[in-house]
Amino acid sequence: MEMIITYQPAKMNTKVKMNTKVKMLILLLCMTGIGLFWRGYMSPYTSPQVLGGPCACRRCLSEANPWFVQHFNQSVEPFLSAKYLLTEDSFNWWRRLQLEKRSFSFYKETVDQLFQMFPSSPRVEGPRPDHCRTCAVVGNSGNLIGTPYGPMIDYHDIVIRMNGGPTQGYEAHVGTKTTHRIVYPESAVDLDDKTHLVVVPFKIMDIEWVMKALSTGFHGRSYMPVRPFIKANKDLVMVVNPAFLRYVHDNWLRKRGSYPSTGFIAVVLALHICDEVEVFGYGADADGNWNHYWETLKNKRLKTGLHPGNHEYDMIQELAKQQSLKFYKPT
Ligand code: C5P
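Please read all numbers here as calculations on a predicted model, not as lab measurements.

Trainee: Mind showing me how you'd approach helix 7 (residues 204–213) here?
Mentor: Each α-helix turn comprises 3.6 residues. Residues three or four places apart therefore point the same way. The buried fraction of helix 7 is high, at 9 of 10 residues. Looking at helix 7, one finds that the buried residues are Ile204, Met205, Asp206, Ile207, Glu208, Trp209, Val210, Met211 and Ala213. Those residues of helix 7 that are buried are in contact with helix 3 (88–94), helix 4 (104–117), strand 4 (196–199) and strand 5 (237–239).

Trainee: Help me out: how do you make sense of helix 9 (residues 262–273) in this one?
Mentor: Helix length check: helix 9, at 12 residues, gives a terminal C-alpha distance of 16 Å against a target of 16 Å (1.5 Å per residue), a fit within 8%. In terms of burial, helix 9 is largely enclosed, as 12 of its 12 residues are buried. When helix 9 is considered as a whole, its buried residues turn out to be Thr262, Gly263, Phe264, Ile265, Ala266, Val267, Val268, Leu269, Ala270, Leu271, His272 and Ile273.

Trainee: Explain the state of the cysteines here, please?
Mentor: Throughout this description, disulfide means a covalent bond between two cysteine sulfur atoms. One pass over the structure, following the stated rule, counts 1 disulfide. Across the disulfide from Cys135 sits Cys274; the S-S distance is 1.9 Å. A torsion of -95° about the S-S bond marks the disulfide between Cys135 and Cys274 as left-handed. Taken together, the positions of Cys135 in strand 1 (residues 134–138) and Cys274 in the loop between helix 9 and strand 6 (276–280) put the pair 139 residues apart, joining distant regions of the chain. Accessibility assignment for this pair places Cys135 and Cys274 in one class, buried.

Trainee: How do you make sense of the environment of Ser215 when you look at a structure like this?
Mentor: Structurally, Ser215 is set in the loop between helix 7 and strand 5. A relative accessible area of 38% places Ser215 in the partly exposed class. When the C-alpha positions of Ser215 and Met117 are compared, they lie 9.5 Å apart, and in sequence the two are 98 residues distant. In this structure, Ser215 is in contact with Met117 and Phe229, ignoring residues within four places of it in sequence.

Trainee: Teacher, can you tell me more about the nonpolar core here?
Mentor: Side chains that are nonpolar tend, in soluble globular proteins, to be buried together. Tyr107, Val137, Leu197 and Trp252 are the most contacted members of the largest nonpolar core, which has 75 residues in total. Take this core: its biggest share by element is 9 residues, from helix 9. Here Leu197 is in contact with Arg181, Val183, Leu191, Val210, Leu214, Ile230, Ala232, Leu236, Val237 and Met238, once residues within four sequence places are set aside. Core analysis: the second largest hydrophobic core is formed by 10 residues, Val159, Val174, Tyr293 and Tyr328 among them.

Trainee: Looking at this structure, how should I read the site of the ligand?
Mentor: The environment of the ligand is formed by 15 residues, the closest being Asn140, Asn163, Gly283, Asn291 and His292. Asn163 places a side-chain nitrogen or oxygen 2.9 Å from an oxygen atom of the ligand. In the environment of the ligand, an oxygen atom lies 3.0 Å from a nitrogen or oxygen atom belonging to the backbone of Gly263. Isolated, the ligand exposes 440 Å² of accessible area, and the fraction of that covered by the protein chains is 92%. Here the shell around the ligand gets 3 residues from one element, more than from any other, and that element is helix 9. Of the residues assigned to the shell around the ligand, the class counts are 5 nonpolar, 10 polar and no charged.

Trainee: Sorry, what's going on with the pattern of salt bridges here?
Mentor: Opposite charge on two side chains permits pairing when their charged atoms draw close. Summed over the entire model, instances satisfying the criterion amount to 10 salt bridges. The partner of Arg128 in a salt bridge is Asp130, and the shortest N-O contact between them spans 3.0 Å. Its relative accessible area of 60% is what places Asp130 among the exposed residues. Put simply, Lys203 and Glu186 hold a salt bridge, and the shortest N to O gap is 2.9 Å. Note that Lys203 is positioned in the loop between strand 4 and helix 7 and Glu186 in the loop between strand 3 (180–183) and strand 4, a separation of 17 residues in sequence. Judged on exposure class, the residue Lys203 and its partner Glu186 are both buried. Through salt bridges that share partners, Asp89, Arg246 and Asp250 make up one connected network.

How each quantity is defined
Residues numbered from 1 in each chain as written. Predicted model: local features only at pLDDT ≥ 70, side-chain atom pairs only at ≥ 80, totals over all residues. Heavy atoms only, no water. Buried < 20%, exposed > 50% of the residue type's maximum accessible area, 1.4 Å probe, protein only. Helix = DSSP H or I, 4+ residues; strand = E, 2+ residues; numbered from the N terminus. Contact = heavy atoms within 4.5 Å. Expected span 1.5 Å × (residues − 1). Disulfide = S-S within 2.5 Å. Core = buried A, V, L, I, M, F, W, Y, C linked by side-chain atoms within 4.5 Å. Near = heavy atom within 4 Å. Polar contact = N/O pair within 3.5 Å; in protein donor to acceptor, adjacent residues only side chain to side chain. Areas by Shrake-Rupley, 256 points an atom, 1.4 Å probe, with all protein chains shown as cover. Nonpolar A, V, L, I, M, F, W, Y, C, P; charged D, E, K, R; others polar. Salt bridge = Lys/Arg side-chain N within 4 Å of Asp/Glu carboxyl O.

Structure follows, in structure tokens:
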């Protein structure tokens, strides 16, 4: 008898505990469901980086469409690292961009020096099943003026800006946050200590420049004046892989134009390092000129230079149509 008396309450306790556990589990599942639904509702586009892998965004590779898969190649390294070896074939493609005269072995020696000074592999957050890396890519188009996109841009984990695009004085339209700034020596500006300096090299001099501009000073010459010194955090320097430029030109632009613009390189880069990409500040003015949001256009014949500007714009529109990114146009 005694045993039964002591046993019954214990059994009831177990039942009560089980019920509480089940309720907690149901509550957790409901909360996760609501979270996933909300995330999906807020972010209705494909997450390319997770091609074949786990993904905390609404859609993953299995749903990526054939058009996207035809262009995207996850195996191309976006950034140079100490371990990466550029092929001579890619070097020979790259050297034509700005008429590089020096040899492949000189290129390799220069890259070796680069990694004696900067981190041997770039700091890029990889995909995680419990996280959705959101990125805003902010071009320099004059059509940002008058838009209310600033706070939306700042909401992203990563905010990629390019060249001299300022934020001060334009906060409402372009935001305040910058995590990455993509430049080449002729377009570089000083950065704060927390921003990644992302250098797009078009010639060996550009790799030499980043080493010297952050140490003893650069005194070489280019087709435009180049800053001898620059402020940036050395630990956050990243150099884009020349083979990545070739991939953008071949796979994404189908070899149109001489080579891709900084802005288009930034878009494809974002597709490789982010799970969700939102694009702001792209589009020429009514005359087809790449005007800037911070200045009045002086050279009315500027157009888009060596770059296939119209085609790049069409590709961004197509990426948006295919739901691989979201493209914000003037309001
Ligand atoms: O003029 P800048 O090269 O600094 O602009 C950065 C990028 O922004 C360009 O490479 C281009 O892709 C994009 N842009 C644009 N429309 C403009 C100005 C710039 O699409 N009016």
